[in-house]
Structures are given as C-alpha cells and as structure tokens.
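These are the residues of each chain, in order.
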Amino acid sequence: MKFTKMHGIGNDYVYVNCFEETVENPSEVSKKVSDRHFGIGSDGLILIKPSEKADFEMEMYNADGSQGAMCGNGIRCVAKYVYDYGLTDKTNISVDTKSGIKYLDLTVTNGKVALVKVNMGQPELNAEKIPMIYKKQQVIQQPLAVKDNIYEVTAVSMGNPHVIVYMDQIRDLAIEKIGPDFEKHPAFPEGVNTEFVHVIDRKTVEMRVWERGSGETLACGTGACAVAVACVLNGYTEEEVTVRLLGGELKIFWNRKENLVYMTGPAEVVFDGTINL
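Fair warning: this is a prediction, and the values are worked out from it, not measured in the lab.

Student: Sorry, what's going on with helix 4 (residues 221-233) here?
Tutor: Each full turn of the α-helix corresponds to 3.6 residues, which orients residues three or four apart in the same direction. In this model, helix 4 (13 residues) spans 19 Å end to end at C-alpha, consistent with the 18 Å of a helix rising 1.5 Å per residue. With 12 of 13 residues buried, helix 4 lies mostly within the body of the structure. By the burial criterion, the buried members of helix 4 are Gly221, Thr222, Gly223, Ala224, Cys225, Ala226, Val227, Ala228, Val229, Ala230, Cys231 and Val232. Gly235 sits one or two residues past helix 4 and shows a positive phi near 80 degrees.

As structure tokens, then:
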C-alpha cells in the first residue's frame, strides 16, 4: 500500500489516496500503521476518497482502530495532499466527512499549499447532541465528578464531543492519568476528547489534549475550535484567539453572527512510502 505521512502541527496521520489504492479493513490497518514501534507511527489513518457530495471524502480512523467523525488537523492535510499531488487545481474545495461537508480555502506558496483555512461549521452546545448525559441542556462551567475530584467543565461538539477544563497551569499535568478517566466517563456515552486549558490573555490560550482512541496528541484541530468557543462562552477571550498546542499554533475565529467556526493552520508532508499489509 502506498501512503503519505503528514502532520498538522504535530498531529500526524498516514494518508492513503483511495483514487488509486483500496484499503480492506481500514480499522485493522489503522492499528497496524499507527504503531510507533512496529508500524509507520501515527495518530491514525486517513483515507482520501472520491465523493458524490463534495470534491473529496475524508474517512478517518484513530490509532486504536475506532472510526472518528472529524479531524481538523487531518482535513488540512487532506487539502494539501489533493492540491500538491495533483488531484485538484482548485484553491477552494469541499470535503465530505462523517460530521458533514467542510469548506476549505487554500493558501498556495511556490506551487505548494502552505496554509489552510477551514470552515468547521457550527458548534453544538446541546448536551444531548454532543452527546453528554447531564442534568442541564447546556454544560458551561458546570461541575463534573471525575474519580475523586470535581472539575468545572464546558462541553462542545465540533462534529465530535469535547469537554474543556480550565486550569492555572497545564505543563506539569499528569494527563496520562486523568485523561482516560474523562475519556471513559459515563457522562459521555461515545467517549470524549478532553482539553486542559490555561488562559494567557484575551487573545491567547494554551491547551493539552487527550483524544479518545489516541491518547495525548501534539494537536487537535476540532479541540482547538471547541476551546475557542468555550473561552468566548465563559468570557475569557475575544472571538478570535490563538490556541497554542504542543505541536504549534492555530488561529481560531468563532463568528457569532454566522455561528460558524473558522480554523487556520499549516499542513506538512513528512514522507511518502510503501508498506506491506
């Protein structure tokens, strides 16, 4: 199987051009290629496929083989792939995902995509639709008991479920210990991605993320979008905010008049290769 390894600020996936390749049992393939000792090494597998609804379709799988609905860093890499590898010459494209069609604007420098702006759609705040089991319809700075601690949390879906926790500092956080407790919490019937956030100022925050199915990753695009929405709802930041992640920075803008979230960030090719499955 031919593949390309790419990353969006450190959130790395193995990409397969399914215009040319056929991937049988992608869940098992994702587990194999994601292994950082015996495989290629990645946060998961992303298939780039033809679509009858949009210019392309993105099908993504986490490192544990579970299928994801949407990946903000991943979809930027899809945009770079289809342009740089000659599948399109358009700089405005649409990509179908399990969480709906997303629209992307490509910034091209010297014939290659350097930045991608993604219309990530509307944030979902209804707890039932996130989904989250809670006594209130919206969960904005509400208490949640996790193991022996009570956390104030805000829940947002950006096509996949996120819960945001604000902290005075996150650099020394034992995320590998508390991340799984959030991910498997009974309040989240489909699991949850958890963002631990420190607010620096009205225009800047930093976050670490525990992604369901993958553990801690260097970046999460939908997570950064959920964090920006949560920051505005809680009165911490402006509508446009720089989110600093372990792998780099994303610019997020929640246009409240349109109720649309826009994400802008880079995408990089690491290498091309072939693997025997």
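Student: What's the story with the side chain of Ser51 in this structure? I'm lost.
Tutor: With respect to the secondary-structure elements, Ser51 resides in the loop between strand 3 (44-49) and strand 4 (56-62). A distance of 3.0 Å separates a polar side-chain atom of Ser51 from the backbone nitrogen of Lys53. A polar atom in the side chain of Ser51 sits 3.0 Å from the backbone nitrogen of Ala54. When sequence neighbours within four positions are dropped, the list of residues in contact with Ser51 reads Phe56, Glu57 and Asp96.

Student: Can you help me understand the state of the cysteines in this one?
Tutor: Disulfides are covalent bonds that link the sulfur atoms of two cysteine residues. Evaluation of the coordinates by the stated rule reveals 0 disulfides. The structure places no disulfide on Cys18, whose sulfur is separated from the nearest cysteine sulfur, that of Cys77, by 16 Å. Residue classification places Cys18 among the buried positions, given a relative accessible area of 16%. Between Cys71, a cysteine without a disulfide, and Cys220, which holds the nearest cysteine sulfur, the sulfur-to-sulfur distance is 6.6 Å.

Student: In this structure, what is going on with helix 3 (residues 175-183)? I would like to understand it.
Tutor: Among the residues of helix 3, Ile175, Ile178, Gly179, Phe182 and Glu183 are the ones counted as buried. Buried residues of helix 3 fall within an arc of 140 degrees about the axis and therefore sit on the same side. Turning to helix 3, the residues buried within the fold contact strand 9 (142-146), strand 10 (149-157), strand 11 (161-166), strand 12 (193-201), strand 13 (204-211) and strand 14 (215-217).

Student: Just checking my understanding: could you explain the pattern of salt bridges for this structure?
Tutor: Note that side chains of opposite charge can pair when their charged atoms are close. Applying the stated criterion across every chain, the model contains 13 salt bridges. Between Glu59 and Lys49 there is a salt bridge, with the nearest N and O atoms lying 2.9 Å from each other. Pair noted here: Glu59 is in strand 4 and Lys49 is in strand 3, with a separation of 10 residues, a long-range link. Take Lys49: its relative accessible area is 24%, and that puts it in the partly exposed class. Here Lys80 and Asp84 are joined by a salt bridge, their closest N and O atoms 2.6 Å apart. Residue Lys80 and its partner Asp84 are located together in helix 2 (residues 72-84), separated by 4 residues, close to a single helical turn. Assigned by exposure class, Lys80 and Asp84 land together as buried. A single network of salt bridges, built from pairs that share partners, joins Lys5, Asp12, Arg36 and Asp43.

Student: How do you make sense of empty space enclosed by the protein when you look at a structure like this?
Tutor: Rolling a probe over the atoms, with the probe sized like a water molecule, indicates the empty space that remains. Applying the stated criterion across every chain yields a total of 1 cavity of 30 Å³ or more. The computed volume of the largest cavity comes to approximately 100 Å³. Surrounding the largest cavity, 13 residues form its lining, Met60, Asn62, Met70, Asn160 and Glu211 being those nearest its centre. Class assignment for the residues of the lining of the largest cavity results in 6 nonpolar, 5 polar and 2 charged.

Student: So what exactly am I meant to see when it comes to the pairing of strand 17 (residues 260-266) here?
Tutor: Residues in a regular strand point their side chains to alternate faces of the sheet. Within strand 17, 5 of the 7 residues are buried, which leaves it mostly tucked inside the rest of the structure. Pairing of strand 8 (residues 112-121) with strand 17 involves 6 bridges; the strand directions are antiparallel. Opposite Val116, over in strand 17, you have Gly265 as the bridge partner. Hairpin connection, strand 16 (residues 248-255) to strand 17: the antiparallel pair is bridged by 4 residues, and Asn259 has positive phi, about 55 degrees.

Conventions and cut-offs
- Residues numbered from 1 in each chain as written.
- Predicted model: local features only at pLDDT ≥ 70, side-chain atom pairs only at ≥ 80, totals over all residues.
- Heavy atoms only, no water.
- Helix = DSSP H or I, 4+ residues; strand = E, 2+ residues; numbered from the N terminus.
- Expected span 1.5 Å × (residues − 1).
- Buried < 20%, exposed > 50% of the residue type's maximum accessible area, 1.4 Å probe, protein only.
- Polar contact = N/O pair within 3.5 Å; in protein donor to acceptor, adjacent residues only side chain to side chain.
- Contact = heavy atoms within 4.5 Å.
- Disulfide = S-S within 2.5 Å.
- Arc of directions from axis to C-beta.
- Salt bridge = Lys/Arg side-chain N within 4 Å of Asp/Glu carboxyl O.
- 1 Å grid on protein atoms, 1.4 Å probe; cavity = no way out; pocket = protein on both sides within 12 Å on 5 of 7 lines; lining within 4 Å.
- Points joined across faces, edges and corners; volume = space filled by probe spheres on them.
- Nonpolar A, V, L, I, M, F, W, Y, C, P; charged D, E, K, R; others polar.
- Pairing = 2+ DSSP bridges.

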